[in-house]
Amino acid sequence: MTHWFHRNPLKATAPVSFNYYGVTTGLPASKICNDLRSSRARLLELFTELSCNPEMMKNAADLYFSLLQGFINSPDDSTQESKLRYIQNFKWTDTLQGQVPSITEDEAKEVHRSLKTAAGIFKHLKESHIPKLITPAEKGRDLEPRLVEAYILQCQAEAQEVTIARAIELKHAPGLIAALAYETANFYQRADHTLSSLEPAYSAKWRKYLHLKMCFYTAYAYCYHGQTLLAGDKCGEAIRSLQEAEKLYAKAEALCKEYGETKGPGPSAKPSGHLFFRKLGSLVKTTLDKCQRENGFIYFQKIPAEAPQLELKANYGLVEPVPFEFPPMGVQWTPETLAAFDLTKRPKDDGAKPKPEEEVKAVTEPDIKPQKDTGCRIS
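Draft legend 1. Broad picture of the overall build of the protein chain. Along the protein chain, the regular secondary structure elements total nine helices and zero strands. Counting from the amino terminus, helix and strand elements in the protein chain follow one another as α-α-α-α-α-α-α-α-α. Of all 379 residues assigned to the protein chain, the portion counted as buried reaches 32%. Once local pairs closer than 6 in sequence are excluded, the contacts in the protein chain between residues at least 24 apart make up 75%. Roughly 25,400 Å² of accessible area belongs to the protein chain as shown, and the carbon and sulfur atoms make up 57% of that amount.

Draft legend 2. Examining the confidence of the model for the protein chain more closely. For the protein chain, per-residue confidence averages 80 on the pLDDT scale, and 79% of positions sit at 70 or higher. In this model, residues 1-8 is a region of pLDDT below 50 whose contacts with residues beyond four sequence positions or in other chains number three contacts.

Draft legend 3. Local environment of the nonpolar core. Among the nonpolar cores identified, the biggest contains 55 residues, and Y188, F216, Y217, Y220, F276, L280 and C291 are the most heavily contacted of them. Counting only elements with at least two residues in this core, the list comes to α4 (145-169), α5 (174-194), α6 (200-231), α7 (235-261) and α8 (275-299). The residues contacting C291, other than those within four sequence positions of it, are L230, C235, A238, I239 and L242.

Draft legend 4. Expanded view of the side chain of R240. With respect to the helices and strands, the residue R240 is situated in helix α7. Here the side chain of R240 touches A305 through a polar contact of 3.3 Å, landing on its backbone oxygen.

Conventions used here
- Residues numbered from 1 in each chain as written.
- Predicted model: local features only at pLDDT ≥ 70, side-chain atom pairs only at ≥ 80, totals over all residues.
- Heavy atoms only, no water.
- Helix = DSSP H or I, 4+ residues; strand = E, 2+ residues; numbered from the N terminus.
- Buried < 20%, exposed > 50% of the residue type's maximum accessible area, 1.4 Å probe, protein only.
- Contact = heavy atoms within 4.5 Å.
- Areas by Shrake-Rupley, 256 points an atom, 1.4 Å probe, with all protein chains shown as cover.
- pLDDT = per-residue confidence, 0-100.
- Core = buried A, V, L, I, M, F, W, Y, C linked by side-chain atoms within 4.5 Å.
- Polar contact = N/O pair within 3.5 Å; in protein donor to acceptor, adjacent residues only side chain to side chain.

Structure (structure tokens):
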């Protein structure tokens, strides 16, 4: 019978400690928090306990939710919400929209900050340390200037993706979103150009990813630029801008497929599986339909043969690498410490045939499914 019914996967939830140091000022409050912690833990255990029966589950759930009520409603029989209503956030996976919890505002900020820091580290290495190498990096190696520059640009571009997702969530002006998308597309284009002179056998997959992201965010720029043109009663130009967005989105879709089929180092991302990617296609279609409908009833404007030139500049939200410096030398390093290293005692080269280098095993990464949300959800 288990194969007869549809069974969704069990939802996962983030741990909740109910520790509110400084907030709990008496024994009753501390006991409530302790009881909440233990009853929640017991309830979660029962979901995977083979000996659990419906009565056990009901009793455990009743106990937990009876304690949790004080965090929801005021206990003085009034209709007011509890003053503890917003003291605790809960996170869990969505049954139908993937096993990755929605990214919170704090997590989005952390991703954004980490990518800017990474860009700063690459920039610091490129400017301050790589030029000091005794032997210049071989062509196509990670410390080669072209690759380091591509890393810097990609980190900046991906950080700006977070900015764009947040701007869309917060319903910022279409002109700003278009400008941010255009700047992000330029980052990806510059990164792709940086790798263009490398051996295709190694760079093709990476370049395909950069190219599809460039097309995708250029499509975003044309889509939101079209909204700006429509708001300015330039309906004919808006239609042409949306048509260009439609063409670029189709190209990005095709590139997603090509990217997945291209051989090369590294695991494949799955951009086309993300709702953030798919929503653009729907947005372009609905906006274009609206423009064409209004042009047929109101504006009667001619549609230009050429797409409008995107000369967009974001006033804010652009990503710059965070300046990076290595920490100061440890206090353990003294002249005496350094003197204790005697380089004359190094083994001399005996001219023997060098041993083959030991193979470095690749790190096995989990195959993370696409996150099925808009990219940044504020909880």
